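# Structure assessment
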Amino acid sequence: MSNFIPKLNEIAERVSKFLDTEVAMHDNFQKVVYEAMRYSLLAGGKRIRPVLAVKSAEILGISEEQVMPFAAAVEMIHTYSLIHDDLPAMDNDDYRRGRPSCHKKFDEATAILAGDALLTMAFEVASKGAMKADSHLGGIKAINHIAYCAGTEGMIGGQIVDLKAETEQISEDELKYLCERKTGALLRVPCMIAADLAEKTETQEAKHLLEYADTVGLAFQIKDDILDVEGDIEKLGKPIGSDAQEGKTTFVTIYGLDGSKKILAELTEKALKACDNIKKLCKTEKQHEACGFLRELAVFLLERDY
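### A closer look at helix 2 (residues 31-41)
What helix 2 keeps buried is the set Val33, Tyr34, Ala36, Met37, Tyr39, Ser40 and Leu41. Each element contacted by the buried residues of helix 2 is listed here: helix 1 (4-22), helix 4 (64-85), strand 2 (99-100), helix 5 (102-105) and helix 6 (108-132).

Written as structure tokens, this is what we have:
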């Protein structure tokens, strides 16, 4: 994995540059909302979702230039969700990525509007991408999938169940349902976007990519639950132990720490198997390299400490 982190950072940097350009600062009467948007959007982060879109595009044979607007749109939606998650009415977190949360840096009203603005602008950016895409229909389908995965049957639906988990015990089925939507939906959609743009939604490659994304999405949430118990506040950039303090149902509360780690390892193996299945279908060196990157990404998410 010696070359993986630099490769991950290279893609993340290209995504950040694109976001920096698309969400440019404006010197007008509403400039504070741009400041708040950029404060949260350009605060760093692993950029896992757009990275998944870029690598899926490589496997399915389309350019980074075509997929980037849609990848950026997903990251903008992810950032808006974090801004709103941190609000007092939701998770009430004062820190995000080692800095004051958006509502602490500015104020609650500005943070709400910054989140709303990022969500709205995400579709502006994606629609521009659709107009330039080789397949306009593929671009429209990609926008539709983004909207679905961000909405009531996706991330929002998961968030509602997550709020329930903070006030009452939820079942194992409800917890998985929550994770598949709150976290998993925005990790699944990057692969869907690439398949839409490449017009390969029914191919075996796309099927295995979605299997990979679904597995990684659940693993991602389980790892977050584990880190909330034994993570390092300095590395995470936010307080730990909040789930336990709130009496929230998580994988750790249901399966225990060791049981959660076992499930996480099993999911990682499943993700690696999906990569092996994709690799069998790859024909070019670039596709093989992208598949190898996804393998390393699965291991990275298993071992991460932030």
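Having seen the structure, we can now continue with the description.
### With respect to the packing of aromatic side chains
For the coordinates displayed, the defined rule picks out 5 aromatic pairs. Residues phenylalanine 4 and phenylalanine 293 carry aromatic rings whose centres are separated by 4.9 Å and whose planes lie at 40° to one another, so their mutual orientation is tilted. Taken together, the residues span a long stretch of sequence, with phenylalanine 4 in helix 1 and phenylalanine 293 in helix 15 (residues 285-303) at a distance of 289 residues. Centre to centre, the rings of phenylalanine 300 and tyrosine 306 are 6.2 Å apart; their planes meet at 70°, and the pair counts as edge-to-face. By relative accessible area, which is 7% here, phenylalanine 300 ends up buried. Looking at tyrosine 306, the relative accessible area reads 36%, which means it is partly exposed. Members of the aromatic cluster, joined through ring pairs, are Phe4, Phe293, Phe300 and Tyr306. Here lysine 55 stacks its cationic end above the ring of phenylalanine 293, 4.8 Å away from the centre of that ring.

### Digging into helix 6
Look at helix 6: 37 Å from first C-alpha to last across 25 residues, which is about the 36 Å you get at 1.5 Å a residue. Within helix 6, the full set of buried residues consists of Thr110, Ala111, Ala114, Gly115, Leu118, Met121, Ala122, Val125, Ala126, Gly129 and Ala130. Buried residues along helix 6 sit against helix 1, helix 2, helix 4, helix 5 and helix 7 (136-150). Where helix 6 begins, the capping side chain belongs to aspartate 107, and its oxygen is found 3.2 Å from the backbone nitrogen of alanine 109.

### Thoughts on the packing of helix 14 (residues 251-281) against helix 15
For the pair helix 14 and helix 15, interaxial distance at closest approach is 9 Å and the crossing angle is 180°. By the angle class used here, helix 14 and helix 15 are roughly antiparallel. Contacts from Leu264, Ala265, Thr268, Ala271, Leu272, Cys275, Asp276, Ile278 and Lys279 of helix 14 reach helix 15 at His288, Cys291, Leu294, Arg295, Ala298, Val299 and Leu302. Of the residues that constitute the contact of helix 14 with helix 15, the class distribution is 11 nonpolar, 2 polar and 3 charged.

So, how was this worked out
Residues numbered from 1 in each chain as written. Predicted model: local features only at pLDDT ≥ 70, side-chain atom pairs only at ≥ 80, totals over all residues. Heavy atoms only, no water. Buried < 20%, exposed > 50% of the residue type's maximum accessible area, 1.4 Å probe, protein only. Helix = DSSP H or I, 4+ residues; strand = E, 2+ residues; numbered from the N terminus. Contact = heavy atoms within 4.5 Å. Phe/Tyr/Trp six-rings, centres within 6.5 Å; stacked < 30°, edge-to-face > 60°. Lys NZ or Arg CZ within 6 Å of the ring centre and 35° of its normal. Expected span 1.5 Å × (residues − 1). Polar contact = N/O pair within 3.5 Å; in protein donor to acceptor, adjacent residues only side chain to side chain. Axes fitted to C-alpha atoms, helices over the stretch in contact; angles between N-to-C directions. Parallel < 35°, antiparallel > 145°, perpendicular 65-115°, else oblique. Nonpolar A, V, L, I, M, F, W, Y, C, P; charged D, E, K, R; others polar.

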